[in-house]
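# Survey of secondary and tertiary structure
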Amino acid sequence: MELTGWVKNYDWGKQGIQSAVAQLAMANDPDFVLNETETYAEMWMGTHFCGVSIVKETGETLDRVLKKDLPYLFKVLSIRKALSIQVHPNKCEAERLHKERPDVYKDDNHKPELSIAITPFLALVGFQPVEDIIDNIDEFQPLTELIGQETVDELHEKRNSETLKNCYEIMMRADDASISKCIKAIAKHNKSELKRNELLDIFNKVNQDFPDDVGVLCLFFLNLVRLQPGQAIYLGANEIHAYLDGECVECMACSDNVIRAGLTPKYKDVEQLISSVIFDGAAADAKLFMPYRIDDTVQVFVPPVDDFAVMHVGIKHSVCSYKLQIQAYGSILLTLAGSRILRLKTDKGVKEITLTRGSIVYIPVEAAPEIEFLQTEDCDEDFTAYIATYNYFRRA
């Protein structure tokens, strides 16, 4: 089944044709009308009720056709300005939060997620090692004034996750005037230090987009991770993060639960974030999530959860045919570049679908044990696609 993705126009998205989401939506849906003044932030592919995919042939929603929900949600993100400082709850927390505040926490599922860069990509991911955070607090003195000398001295003395939590908690709970004073002092007196730490441009950009927001100060606590196309990060439950710039494909458990605490006009649940977040520090390079290769054509990102895995398919234009082994679970394929003819089995027999940039296809369970990618007549470009599926690779 060929699908149409559900486009989200959040304020942080890229504008008009600059957005990969808009480009893919135009290629995918002939009825899509581009507005150059509109922001195009996300395209959802799956069965989550906040953005269900549509089956092109019939106009039905995918969940009604399948008569069930998929365990994962597949997305493309185009980021112009920072997303919120956030964590995603674990399953128990999600159930409780949904029961207590269903208007904020829309479902009762956890939301581990995997992001794979399709352009150079910038994100804050997890806490820095405590030693590095101490160096930042010492170097940027307004932070010590905000947090308090006694608490900073305790961090120096004990250097553990508990004393780090104390510092971060005080900062996140500080009043608006104190946060504004701290940010303005750093901007005025610490330009050389910001530049030396390669933070000046990012500090200024985030502060311009979210003036005097406590999330600006999170730059001194969280790892700044720079991804090149094809590189990935995995975010388990309660790992603090914020995407800052770039474009990616993203796959997660079928949920939209986000606990926010900065860099957002939406509801900030600071107390819940502090209660949930993991305060263990680690180096930035430890945040890269590595795939494993099946062969020269396919690599697989296998997170430590059952809900989803993502295959990256890269077929050279000179290859006549490639057969991909799959298991009997419903999958969603998104084409980013090139063209191929997808041959697969369905409940109505063998079917062939021409794939081009923007093509979204639901691969049914009947297609197992293999699907085939054939050359098209004008196949002069390498083919690139991502496939989201249930994580059967963990059982291998």
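Scroll up a little and you will see the structure.
A brief report on the enclosed structure follows.

How each quantity is defined
Residues numbered from 1 in each chain as written. Predicted model: local features only at pLDDT ≥ 70, side-chain atom pairs only at ≥ 80, totals over all residues. Heavy atoms only, no water. Helix = DSSP H or I, 4+ residues; strand = E, 2+ residues; numbered from the N terminus. Rg over C-alpha atoms; globule rule 2.2 N^0.38 Å. Buried < 20%, exposed > 50% of the residue type's maximum accessible area, 1.4 Å probe, protein only. Contact = heavy atoms within 4.5 Å. Areas by Shrake-Rupley, 256 points an atom, 1.4 Å probe, with all protein chains shown as cover. Lys, Arg positive; Asp, Glu negative; His and termini not counted. Charge placed at Lys NZ, Arg CZ, Asp CG, Glu CD. Axes fitted to C-alpha atoms, helices over the stretch in contact; angles between N-to-C directions. Left-handed = near helix turned anticlockwise from the far one by under 90°. Nonpolar A, V, L, I, M, F, W, Y, C, P; charged D, E, K, R; others polar. Parallel < 35°, antiparallel > 145°, perpendicular 65-115°, else oblique.

## Comments concerning the overall build of the protein chain
- A tally of regular secondary structure across the protein chain gives 12 helices and 24 strands.
- Computed over its C-alpha atoms, the radius of gyration of the protein chain comes to 22 Å, within 12% of the 21 Å expected for a compact globule of 396 residues.
- A buried classification covers 56% of the 396 residues belonging to the protein chain.
- For the protein chain, restricting intrachain contacts to residue pairs at least 6 apart in sequence, the fraction spanning at least 24 positions comes to 77%.
- Accessible area for the protein chain stands at about 17,100 Å²; split by element, carbon and sulfur atoms hold 48% of it.
- Here the protein chain holds 42 positive side-chain charges and 61 negative ones, and the gap between their average locations is 2 Å.

## Side note on the packing of helix H4 (residues 130–139) against helix H6 (residues 149–158)
- Their axes nearest at 10 Å, the elements H4 and H6 cross at an angle of 145°. Crossing geometry of H4 relative to H6 is assigned as left-handed. Here Val-130, Ile-134, Ile-137 and Asp-138 of H4 lie close against H6, whose contacting residues are Val-152, Leu-155 and His-156.
- Here the contact of H4 with H6 is built from residues that sort into 5 nonpolar, 1 polar and 1 charged.

## Section: the environment of Ser-53
- You can see Ser-53 is positioned in the loop between strand S5 (42–45) and strand S6 (54–55).
- As for Ser-53 and Val-87, which are separated by 34 residues in sequence, their C-alpha atoms are 26 Å apart.
- Apart from the residues within four sequence positions on either side, Ser-53 is in contact with Leu-3, Thr-4, Gly-5, Trp-44, Met-45, Gly-46, Glu-60, Thr-61 and Leu-62.

## A few points about the packing of H6 against helix H7 (residues 161–173)
- Packing of H6 against H7 leaves a shortest axis separation of 8 Å and a crossing angle of 155°. In terms of orientation, H6 lies roughly antiparallel with respect to H7. Considering how the two elements wind past one another, H6 and H7 form a crossing that is left-handed. Touching Thr-151, Val-152, Glu-154, Leu-155 and Lys-158 of H6 are Thr-163, Leu-164, Asn-166, Cys-167 and Ile-170, all from H7.

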